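An overview of the molecular structure
One letter stands for each residue in the lines below.
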Amino acid sequence: MSKLYVRSFSLSLDGYGAGPDQSIDNPLGVNGMSLHQWAFTTRTFQKMFGQNGGSTGIDDDYAILGFNNIGAWILGRNMFGPVRGPWPDDSWKGWWGDTPPYHCPVFVLTHYARPSIVMEGGTTFHFVTDGIESALERARDAADGKDVRVGGGVSTIKQYMHARLIDELHLAISPVFLGQGENLFADIDLLSLGYKCREHMSTPNATHLIIARDG
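Note that the structure is a prediction, hence the values are computed from the model and not measured. (Residues numbered from 1 in each chain as written. Predicted model: local features only at pLDDT ≥ 70, side-chain atom pairs only at ≥ 80, totals over all residues. Heavy atoms only, no water.)

Here's the deal with the overall build of the chain
Quick note on the threshold: Working definition: helices are DSSP H or I runs of at least four residues, strands are E runs of at least two. Numbering for both runs from the N terminus. Our radius of gyration is a C-alpha quantity, and the globule rule it is checked against amounts to 2.2 Å times the number of residues to the power 0.38. In what follows, residue pairs with any heavy atoms lying within 4.5 Å of each other are defined as contacts. Computed by Shrake-Rupley with a 1.4 Å probe, the accessible areas treat only the displayed protein chains as cover when residues are assessed.
The helix and strand tally for the chain stands at 6 helices and 11 strands. Over its C-alpha atoms the chain spans a radius of gyration of 16 Å, differing by no more than 12% from the 17 Å that the globule rule assigns to 215 residues. Projected onto its principal axes, the C-alpha positions of the chain cover 45 × 40 × 35 Å. A sequence separation of at least 24 residues applies to 64% of the contacts in the chain between residues at least 6 apart. Of the accessible surface of the chain, which amounts to about 10500 Å², a share of 51% is contributed by carbon and sulfur atoms.

Quick look at unusual backbone geometry
Excluding glycine, residues mostly carry a negative phi; peptide bonds, for their part, are mostly trans. Formally: For the exposure calls, accessible area comes from a 1.4 Å probe over protein chains only, and a residue counts as buried if that area is under 20% of its type's maximum, exposed if over 50%, partly exposed in between.
The step from glycine 152 to glycine 153 runs through a cis peptide bond, and the omega angle for that step is 0 degrees. By the element assignment, glycine 153 lies in the loop between β7 (147–152) and α6 (154–162). One non-glycine residue, asparagine 69, adopts positive backbone phi at about 60 degrees. By secondary structure assignment, the location of asparagine 69 is in the loop between α3 (58–65) and β3 (70–76). For asparagine 69, a relative accessible area of 42% puts it in the partly exposed group.

Some thoughts on helix α5 (residues 132–143)
Heads up, the rule is: Expected span of a helix, by definition, is 1.5 Å for each gap between consecutive residues, and there is one gap fewer than residues.
For α5, spanning 12 residues, the distance from its first C-alpha to its last is 16 Å, which sits close to the expected 16 Å at 1.5 Å a residue. Along α5, the residues classified as buried are Ile132, Ser134, Ala135, Leu136, Ala139 and Ala143. In this structure, the buried side of α5 is in contact with β1 (4–11), β3, β4 (105–109), β6 (124–128), β7 and α6. Aspartate 144, located one to two residues past α5, shows a positive phi value of around 55 degrees.

Observations regarding the packing of aromatic side chains
Put simply, the test is: Stacked, edge-to-face and tilted are the three classes for Phe, Tyr and Trp ring pairs, Trp counted by its six-membered ring, which pair at centre distances within 6.5 Å; planes under 30 degrees apart are stacked, over 60 edge-to-face, the rest tilted. We count a charge as sitting over a ring when the NZ of a lysine or the CZ of an arginine lies within 6 Å of the ring centre and within 35 degrees of the ring normal.
One pass over the full model with this rule turns up 11 aromatic pairs. On the basis of an interplanar angle of 45 degrees and a centroid distance of 6.3 Å, the ring pair of phenylalanine 67 and tryptophan 73 is categorised as tilted. By relative accessible area, which is 30% here, phenylalanine 67 ends up partly exposed. Residue class for tryptophan 73 comes out buried when judged on its relative accessible area of 6%. Measuring from ring centre to ring centre gives 6.0 Å for phenylalanine 80 and tryptophan 87, while their planes differ by 85 degrees; the resulting arrangement is edge-to-face. The same class applies to phenylalanine 80 as to tryptophan 87, namely buried. Members of the aromatic cluster, joined through ring pairs, are Phe67, Trp73, Phe80, Trp87, Trp96, Tyr102, Phe125 and Phe127. Arginine 149 extends its terminal NZ or CZ atom over the ring of phenylalanine 67, reaching a point 5.3 Å from the ring centre.

So, the sheet that holds strand β8 (residues 168–173)
Rules: Any two strands with at least two DSSP bridges between them are considered paired. Interaxial angles span 0 to 180 degrees and are taken between N-to-C directions of axes, which are lines fitted to C-alpha atoms, for helices over the stretch in contact.
Taken together, the 9 strands give an open sheet; going across it, the order is β5-β6-β4-β3-β7-β1-β8-β11-β10, and neighbouring strands pair in mixed fashion. The sheet is open, and its two borders are formed by β5 (117–118) and β10 (195–202), each paired with just one other strand. Pairing of β5 with β6, which is carried by 2 bridges, proceeds in the antiparallel orientation. Opposite valine 118, over in β6, you have threonine 124 as the bridge partner. Contacts from α3 reach β1, β8, β10 and β11 (207–213), with the element oriented near 35 degrees to β11.

Structure below.
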């Protein structure tokens with residue numbers, strides 16, 4: 001069976017994966033972009049945004065890992081956009097323009113149904129209203145033997161961790177504090193859920209942790 005992974009998920013030193021007050025101007029909440037500076041400078045992410053150059057080495061190795069053998073993604077609704085409540089119309093199609101960086105099926109968790117959206121570059125957004133298990137089942141079917149990546153946000157990752165469904169997480173701890181926002185480690189007991197740190201490696205930009213579940 002395919003694995004369920006979290007990859008390249010950035011956190012602050014105090015455990016926050018997003019800042020407060022998400023908006024059009026602050027997609028990751030106030031100061032949330034500071035969490036991802038380690039990734040933005042890598043060759044992998046520069047290429048993703050149509051740019052040349054970028055750094056190689058440890059940070060880039062972990063960025064590359066995030067796309068290896070991934071056949072589908074799962075996102076919480078806040079990762080798709082800032083719209084809350086019922087969809088007012090079908091105009092919002094994500095943060096990423098006409099060609100999102102996924103290039104495969106993406107399943108968005110929401111309480112409000114919406115038709116699927118076919119984008120350029122192979123990405124299709126599907127909207128799942130019947131829970132995390134249904135989203136995972138559909139994602140695995142769509143991945144056709146490849147692995148599935150949970151892209152966030154914090155609440156979505158925690159739901160899958162509480163259900164013991166995530167096999168492995170790569171967390172990138174950036175050397176910044178946020179002070180408030182969405183905290184990954186609040187109200188979650190990693191030890192009792194069977195997670196252990198299997199690998200850790202530091203660069204000037206981030207400390208990379210691989211956390212895996214036994215069994």
